[in-house]
Every structure is written in structure tokens, then in C-alpha cells.
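# Observations on the three-dimensional arrangement
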Amino acid sequence: HCGTQWISSVLHRPNDGVVCYHEEKLKWIPLNWKDSLKYELEKGIDSFFNDYFSFINSEMRENSAVGDSNSWTMIMIPDVATKQKVHQIIYLVRNGIQAVHSSFYHNPDLPYSDFLFTKFFRQYWEIIGCPWNDWNKYTKWASWCLWWRVNQDMPHWLTNQLDNTETIVYRFEDLLEDTYLLSELIKKLSPFIKLSHEDLKKLQRRDVNRNIQADRTPSMLWAKWSEEQRNIFKQICSTTMEKYSYEIP
């Protein structure tokens with residue numbers, strides 16, 4: 001529930017010459033998301049993905065703007081740019097308390113020996129300089145905290161890796177509340193799209209998180225965590241929380 005599916009639905013406006021897909025890559029390769037991550041880490045982006053890039057290229061010829069949300073992990077985007085010009089990256093950040101809580105508690109059966117922890121998260125840890133002692137001392141909880149922290153640091157990394165690509169960072173929560181901000185984002189893709197205030201409110205109400213009945217405010221989730229969980233989160237994430245103006249209860 002990080003917002004990538006929501007934003008793809010908001011930006012998908014084919015009648016206006018703007019199309020945005022969600023995890024489109026997985027429709028063109030015979031792998032699930034995790035096996036795709038393994039393949040990309042081990043072999044890079046090779047001819048295995050040709051059909052996907054052919055589709056994106058054809059869409060580029062027919063539309064003024066084409067997007068694909070959550071198909072590629074951040075570390076692979078420079079390689080993606082060698083296959084297809086990446087003009088703009090719309091980057092969503094989300095309150096770390098909600099994001100870490102969701103990741104940890106929605107994956108209870110994922111063993112710590114899984115590729116996601118042993119290799120995938122670790123490569124991002126190495127990108128940001130291997131902080132906080134040895135990786136093998138991490139717990140599952142700490143790894144999810146790190147994953148959130150790294151995600152919020154990646155816009156700066158991407159900016160340094162890509163030439164002539166604009167990286168725009170939005171707080172997910174702001175796009176869900178501020179109709180003017182959402183309108184300006186849509187206009188960046190097509191200045192000819194005109195949406196009323198009520199149209200924009202309807203788009204904001206598409207967010208799936210609004211359908212969850214339980215109280216999932218940061219303060220409520222924070223109260224459910226153990227003291228150890230809170231301390232680890234603060235150690236790893238507090239600086240980044242402050243950077244994006246998220247408060248720790």
C-alpha cells in the first residue's frame with residue numbers, strides 16, 4: 001500500500017495521450033516479482049526483457065507520456081535507461097512508521113534466509129555505505145527499517161546516476177490531501193488536462209488504504225510496537241523521518 005498502484009491509476013489517462021501502467025514488466029516475462037529481482041541482480045537487463053521494452057517503445061510512439069509504476073527496483077533504473085530513455089521519475093515517499101509496520105506484519109512467513117534479506121536488501125545497504133556494523137547482526141525488523149530508509153535515500157542516488165532525467169519526490173500523504181499538488185503533477189505530464197476540484201478529490205479517494213477499517217495512524221501503530229522495535233526504528237530511520245517532515249510520536 002505504498003501508493004504505486006494508486007498513482008498509476010491516477011495518471012493513466014489514455015484519452016489525453018498519457019498512459020501509466022502498474023508492474024507492466026511482469027506481464028511480459030514468465031517470472032514473479034521476487035524471481036525477477038533475482039534474475040536482474042544476477043544477469044542484469046538483457047534480451048529476456050525485449051518484449052517488454054518493445055511494448056513500452058510502441059506506447060511512446062503513440063502517446064505524449066508513458067509510465068510504468070513499480071516494475072523496476074531503484075538500483076536497476078540506470079540500466080533501464082540504457083534500453084529506454086527515462087525522462088522523468090515520479091518518486092513517492094511514505095511515512096516510515098506505516099511503511100515498516102506494513103512490510104513487517106504482511107510478510108510474517110518470509111524466512112530470514114530468503115533472498116530478499118540475504119542479497120537484495122544487502123546490496124542497497126552497501127550502496128549507502130554499509131552503516132550500523134555488520135549486516136549479519138541485523139534482525140528482520142531492522143532489515144525492514146533499513147529498506148524504508150534506503151528507499152527514501154534513493155532519489156539522491158538516482159539523480160547522480162542519470163543524466164537529463166528529472167526526479168521529482170512527493171510525499172504520498174500530500175498527494176492524497178492536496179488537490180493543487182495532485183493537479184500540478186498531472187499537468188507535468190500533459191498541460192492540456194483540466195480537472196475540477198471534485199475530479200481530483202475522486203482520484204484521491206481511489207487510494208486503497210481508505211478502505212481499511214482499522215486505525216492505522218502512525219501514533220496508533222507506534223503504540224503497538226515493542227520498546228526494542230521503537231529503538232531500532234529510531235536508530236535507523238529517525239534522520240530520514242525528519243528529512244521528510246514525518247514526526248515520531
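Our structure's up above, just so we're on the same page.
Structure report, in brief. Predicted, not measured: the structure shown is a model, and the values here were computed from it. (Residues numbered from 1 in each chain as written. Predicted model: local features only at pLDDT ≥ 70, side-chain atom pairs only at ≥ 80, totals over all residues. Heavy atoms only, no water.)

All right, on to the overall build of the protein chain then. For the protein chain, the helix and strand inventory stands at twelve helices and four strands. Radius of gyration (C-alpha) of the protein chain: 19 Å, near the 18 Å computed for a compact globule of 249 residues. C-alpha extents for the protein chain along the principal axes are approximately 50 × 45 × 30 Å. Within the protein chain, residue pairs in contact and separated by at least 24 positions form 72% of the contacts whose partners lie at least 6 positions apart. Accessible area for the protein chain stands at about 13,000 Å²; split by element, carbon and sulfur atoms hold 48% of it. (Helix = DSSP H or I, 4+ residues; strand = E, 2+ residues; numbered from the N terminus. Rg over C-alpha atoms; globule rule 2.2 N^0.38 Å. Contact = heavy atoms within 4.5 Å. Areas by Shrake-Rupley, 256 points an atom, 1.4 Å probe, with all protein chains shown as cover.)

Once that is clear, we can look at the environment of Phe192. Mapped onto the secondary structure, Phe192 falls in the loop between helix H9 (179-189) and helix H10 (197-204). Put simply, Phe192 and Asp16 are 176 residues apart on the chain and 7.8 Å apart in space, counted from C-alpha to C-alpha.

So, on to the environment of Phe117. Note that Phe117 resides in helix H6 (residues 115-127). Residue Phe117 is classed as buried on the basis of its relative accessible area of 0%. Sequence-wise, Phe117 and Asn95 are 22 residues apart; in three dimensions their C-alpha atoms are separated by 22 Å. Ignoring sequence-local partners within four residues, the contact set of Phe117 consists of Leu110, Pro111, Tyr112, Arg122, Trp135, Lys140, Ser143 and Trp144. (Buried < 20%, exposed > 50% of the residue type's maximum accessible area, 1.4 Å probe, protein only.)

Moving on, we get to the packing of helix H7 (residues 140-161) against helix H12 (residues 227-243). In the contact formed by H7 and H12, the axes pass within 9 Å of each other and the chain directions differ by 5°. In terms of their interaxial angle, H7 and H12 are classed as roughly parallel. Between H7 and H12, the contacting residues are Trp141, Ala142, Cys145, Leu146, Trp148, Arg149, Gln152 and Asp153 on the first element and Gln229, Ile232, Phe233, Ile236, Cys237, Thr240, Met241 and Lys243 on the second. Of the residues that constitute the contact of H7 with H12, the class distribution is ten nonpolar, three polar and three charged. (Axes fitted to C-alpha atoms, helices over the stretch in contact; angles between N-to-C directions. Parallel < 35°, antiparallel > 145°, perpendicular 65-115°, else oblique. Nonpolar A, V, L, I, M, F, W, Y, C, P; charged D, E, K, R; others polar.)

This brings us to the nonpolar core. Residues Trp72 and Phe233 are the most contacted members of the largest nonpolar core, which totals 56 residues. Of the residues forming this core, the biggest block, eleven residues, is contributed by H7. Judged by nonpolar contacts, the second largest core, of 20 residues, contains Ile7, Ile168, Leu176 and Ile186. (Core = buried A, V, L, I, M, F, W, Y, C linked by side-chain atoms within 4.5 Å.)

Our next topic: empty space enclosed by the protein. For the coordinates displayed, the defined rule picks out one cavity of 30 Å³ or more. Size it by volume and the largest cavity reaches roughly 30 Å³. Contributing to the lining of the largest cavity are Ser183, Ile186, Lys187, Ile193, Lys194, Leu195 and Leu200. No other element matches the three residues that H9 contributes to the lining of the largest cavity. Among the residues making up the lining of the largest cavity, the classes are represented as four nonpolar, one polar and two charged. (1 Å grid on protein atoms, 1.4 Å probe; cavity = no way out; pocket = protein on both sides within 12 Å on 5 of 7 lines; lining within 4 Å. Points joined across faces, edges and corners; volume = space filled by probe spheres on them.)

In this fold, Arg149 is placed in helix H7. Accessibility expressed as a relative area gives 18% for Arg149, which makes it buried. A distance of 2.6 Å separates a polar atom in the side chain of Arg149 from a polar atom in the side chain of Asp153. (Polar contact = N/O pair within 3.5 Å; in protein donor to acceptor, adjacent residues only side chain to side chain.)

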